[in-house]
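A look at the structure
As a plain string of letters, each chain reads:
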Amino acid sequence: MSNSFVELHARQRAEALLDAGSTRELIGPLDNMISPHLEPQQIVPESDDGVVIMKGRLADHDLVVIAIEGAFQGGGIGEVSGAKIVAALEHALADNQAGHRIYLVIILDTGGVRLQEANYGLLSISEIHNMVVALKKHVPVIGLVPGRVGSFGGMSITNALLSYVIGTNQARIGLNGPEVIEQEAGVREWDASDKNLIWDTLGTTQRQATGIIDEVIEDDVTAFRDAVSAAIATHQDSHRDQRGAFYLSLLDQLDPSEKLTIPAYDKLFKQVTVTPHHLAPATSGENQSTPSRGRTWFENLTGITNAQSEVSTVLHAQVDQREYIAIVADAQNRFPRVRHGEVGLQEGYTVASVVNDLIAADADKTTKTPIIMVVDVPSQAYGYNEELIGIHMALAASASAYARARQAGHKVVALIAGDAVSGGFLAHGLQSNRLVAFDDLDITVQAMSKASSARITQRTIAELEAATQHVPAMAYDIENYQKLGALYQLIEGVKGTDTDQAAISKVKAALDEALTSLDDASTDLSFRYTNPIAVNGEAGGRKATNQVRRLMAEQWAD
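Every chain is numbered independently, its residues counted from 1 as its sequence is written. Totals for whole chains, interfaces and linings use all residues, but because this is a predicted model, local features are given only for residues with pLDDT of at least 70 and pairs of side-chain atoms are given and counted only at 80 or more. The basis for every side-chain value is the complete set of heavy atoms in the structure, and neither hydrogens nor water enter the calculation.

1. Things to note about the environment of G348
- The topology assignment puts G348 in helix α12 (residues 345-361).
- Relative accessibility under 20% of the residue-type maximum defines a buried residue, over 50% an exposed one, and the middle range a partly exposed one, all with a 1.4 Å probe and only protein chains included. G348 sits in the buried class, given a relative accessible area of 1%.
- Note: C-alpha distance between G348 and Q446 (98 residues apart in sequence) is 19 Å.
- Contact between two residues is taken to exist if any of their heavy atoms lie within 4.5 Å; hydrogens are not considered. Here G348 is in contact with V343, A394 and S398, once residues within four sequence places are set aside. Comment: elements are numbered from the N terminus, with helices defined as DSSP H or I runs of at least four residues and strands as E runs of at least two.

This is the structure in structure tokens:
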């Protein structure tokens, strides 16, 4: 097609959207701001790290276009590319707050986190989520999903947070790629060789029918320009991250033990009777539930024994004027893909409901109730039903709720008591002001399991583990994670399975200190790249992030 938008590369797409003669690229190829984490792995970097930031005008509106290049590392987000996006969003927010209306378009052609610098990618994507939530209070943030790669992984959660999403019939949207689901859950769950099933499930025709994408247009540059202009002019916002009651009502009517067909789901989607969902606080029970480190520490901190809840995998309670929230395992759960503590559809939307209820209850209070997340999430749920229904939207609902609570003045602290992996961590943990963790080598922090990561990066597990020796962001242990500067405190001498009073007292003191540190602190996530380890750390830190931020500040207003 001579005027195809899909066939263009990221820079060409940004230029095509903006009026001729109005464009100015920020942190472009001549700045040579490359990722420092790829060459140690014998991977050739790109001079723009696969993300193009361009300012210009469209139909009398000032616009910033953020275009992700799917041809470089599958559009994966690493430290530099993520920092470019976050810095651009921050400056756009500041402009809007100052009365200068500037609109945002994000062109998604991405597989999510760049696994070769995985933990940087997770941090960056969570920071993107925070900024999108903040910006939507001022202007619509428009998403475009043209095709080629589509929108997957943690950036599909971004997709669900955007105000309005436009795509072509050449695009796909989902959290977990079919190959990853096959790796994690088996070929009977999803046969990744069944291309027709993939397109029928994740393609934009199905996604538009069930509210995951707003508009499907022809692959034409003019059509994209017109669609973006119309969305801006009408201030479109689908509020996808605020539909928890609908989806929880849908899940009430679902038999998750049966694999859904697309016609059956479409019929169910159209017939949902929406009822309010508000989760009561956890209570003590007589029988012990499935053990997990998250459950152990929720009970340690709240004093609730054998904690039970109407949603067995989500526990919450207010104790000593603090709201504690945990996602826990349940071996008998009716949703088979969350029995080990994974974050699934019900978990994401239920946590969002709990946090949204707290925001509403404290809306008129000067002092907001602090939130303590107890984090022990081995991943998000890997399942066909979850992808068909749109698990990325459930995780977005949770991430959005935590971000809005923090932005409203709630102190939010995450205690990493167990694993903190992938989309589960993005939904429950990474929107906190402060991350506190046990110095426990049994804790895994990462973007994907080793088996799936090796498959996607075309390495053996041995090669993957060898690479982590040179790149801390690829490592799976909490001590390497500390080198990135993401943690507020690493609690020594406490394990995820501890229940003695000395350990509990030590953890409570650490949480007290983390909360006190927020008394006069910003409600954003800037601590992660401004603390001493992030700024000056010799092995890791956020040095590239801070260099990007300096460049963006220098170039934004020129």
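2. Details of the packing of helix α2 (residues 79-97) against helix α3 (residues 118-135)
- Comment: axis = line fitted to C-alpha atoms, over the contacting stretch for helices; angle = value between 0 and 180 degrees taken between N-to-C directions. Here α2 crosses α3 at 15°, and the two axes come no closer than 9 Å. Between α2 and α3, the angle falls in the class roughly parallel. Crossing angle aside, the handedness with which α2 passes α3 is left-handed. Residues E79, G82, A83, I85, V86, L89, E90, A92, L93 and N96 of α2 touch α3, and the partners they reach there are Y120, S124, E127, I128, M131, V132, A134 and L135.
- Put simply, Ala, Val, Leu, Ile, Met, Phe, Trp, Tyr, Cys and Pro go in the nonpolar bin, Asp, Glu, Lys and Arg in the charged bin, and everything else, Gly too, in the polar bin. Of the residues belonging to the contact of α2 with α3, the class tally is 12 nonpolar, three polar and three charged. For this classification, under 35 degrees means roughly parallel, over 145 means roughly antiparallel, 65 to 115 means roughly perpendicular, and everything else is oblique. For any pair of crossing helices, the crossing counts as left-handed if the nearer helix is rotated counterclockwise from the farther one by less than a right angle, and right-handed if it is rotated clockwise.

3. Some points on the nonpolar core
- Nine residue types can take part in a nonpolar core, namely buried Ala, Val, Leu, Ile, Met, Phe, Trp, Tyr and Cys, and a core is a set of them joined through side-chain atoms within 4.5 Å. L144, W297, F425 and Y481 are the most contacted members of the largest nonpolar core, which has 190 residues in total.
- Of all the elements, α3 adds the most residues to this core, at 11 residues.
- Setting aside anything within four residues of it in sequence, one finds L144 in contact with F5, L17, V105, I106, I107, L108, I166, F224 and V228.

4. Quick notes on the environment of V132
- As for its placement among the helices and strands, V132 is situated in helix α3.
- Accessibility expressed as a relative area gives 0% for V132, which makes it buried.
- Taking the C-alpha atoms as reference points, V132 and V374, 242 residues apart in sequence, are found 25 Å from one another.
- With sequence-adjacent residues up to four places away left out, V132 is seen in contact with L89, I106, L161 and L162.

5. Side note on unusual backbone geometry
- One non-glycine residue with positive phi stands out, namely I27, at about 50°.
- Here I27 lies in the loop between β1 (24-26) and β2 (51-58).
- Backbone geometry places D60, a non-glycine residue, at a positive phi of 70°.
- Residue placement: D60 occurs in the loop between β2 and β3 (61-68).
- Among the residues examined, D60 registers a relative accessible area of 66% and is labelled exposed.

6. What to know about the environment of A160
- Position of A160 among the secondary structure elements: in helix α4 (residues 154-161).
- Take A160: its relative accessible area is 2%, and that puts it in the buried class.
- Each C-alpha atom, one on A160 and one on A394, is 8.8 Å from the other, the two residues being 234 residues apart in sequence.
- For A160, the contacting residues outside a window of four places in its chain are R240, D241, H392, M393 and A396.

7. A few points about the pattern of salt bridges
- For this analysis, a salt bridge means a side-chain nitrogen from Lys or Arg found within 4 Å of a carboxyl oxygen belonging to Asp or Glu. Throughout the structure, instances matching the rule amount to 20 salt bridges.
- Note that R225 is salt-bridged to D19, the shortest N-O span being 2.9 Å. Residue R225 is located in helix α8 (residues 221-233), and its partner D19 is located in the loop between α1 (10-17) and β1; the two are separated by 206 residues in the primary sequence.
- Accessibility expressed as a relative area gives 25% for D19, which makes it partly exposed.
- Shared partners join several salt bridges into a network, and the residues in it are R11, E25 and D48.

8. Concerning the packing of α2 against helix α22 (residues 543-555)
- For the pair α2 and α22, the least separation of the axes is 9 Å and the interaxial angle reads 40°. With respect to α22, the element α2 is oriented oblique. Crossing handedness for the pair α2 and α22: right-handed. Of the residues in α22, those touching α2 at E79, V80, A83, K84, V86, A87, A88, E90 and H91 are K543, A544, T545, V548, R549, M552 and A553.
- Along the lines of polarity and charge, the residues of the contact of α2 with α22 split into nine nonpolar, two polar and five charged.

9. What about the packing of aromatic side chains?
- Between 30 and 60 degrees the pair is tilted, below 30 it is stacked and above 60 it is edge-to-face, where a pair is any two Phe, Tyr or Trp rings, Trp via its six-membered ring, whose centres lie within 6.5 Å. Counted by the stated rule, this structure contains eight aromatic pairs.
- For the pair Y488 and F527, a centre-to-centre distance of 5.6 Å together with 55° between the ring planes defines the contact as tilted. Here Y488, found in the loop between α18 (478-482) and β16 (489-491), pairs with F527, found in helix α20 (residues 527-530); they are 39 residues apart in sequence, far enough to count as distant.
- Taking the relative accessible area as the measure of exposure, Y488 reaches 23% and is therefore partly exposed.

10. Points about the sheet that holds strand β7 (residues 215-216)
- The strand order across the open sheet built from seven strands is β1-β2-β3-β4-β5-β6-β7, with neighbouring strands paired in mixed fashion. Lying at the two open borders of the sheet, with one neighbouring strand each, are β1 and β7.
- Strand pairing follows a simple DSSP-based rule, namely that at least 2 bridges must link the two strands. Two elements, β3 and strand β4 (residues 103-107), share five bridges in a ladder whose sense is parallel. Looking at β4, one finds that I66 is bridged to I106.

11. Topic: the pairing of β3
- The buried fraction of β3 is high, at six of eight residues.
- Summarising the sheet, β2 and β3 pair through eight bridges and their orientation is antiparallel. Paired with G56 across the two strands is L63, which belongs to β3.
- Hairpin connection of β2 to β3: two residues between the antiparallel strands, including A59 at a positive phi of 50°.
- With α2 bridging β3 and the parallel β4, this β-α-β connection has right-handed handedness. By the criterion used throughout, a crossover qualifies as right-handed when its path from the first strand across the helix to the second strand runs clockwise, the strands pointing away from the viewer.

12. Details of α3
- The span expected for a helix works out to 1.5 Å for each residue beyond the first. Taking 1.5 Å of rise per residue, 18 residues should cover 26 Å, and α3 covers 26 Å from first to last C-alpha, within 8% of that figure.
- For α3, the buried fraction is high: 18 of the 18 residues fall into the buried class.

13. Notes on the pairing of β2
- Burial analysis of β2 places seven of its eight residues in the buried class, which makes it a mostly covered element.
- As judged from the three bridges shared by β1 and β2, these two strands associate in the antiparallel manner. Of the residues in β2, the one forming a bridge with E25 is M54.

Everything listed is a geometric property; what it means functionally is a separate question.
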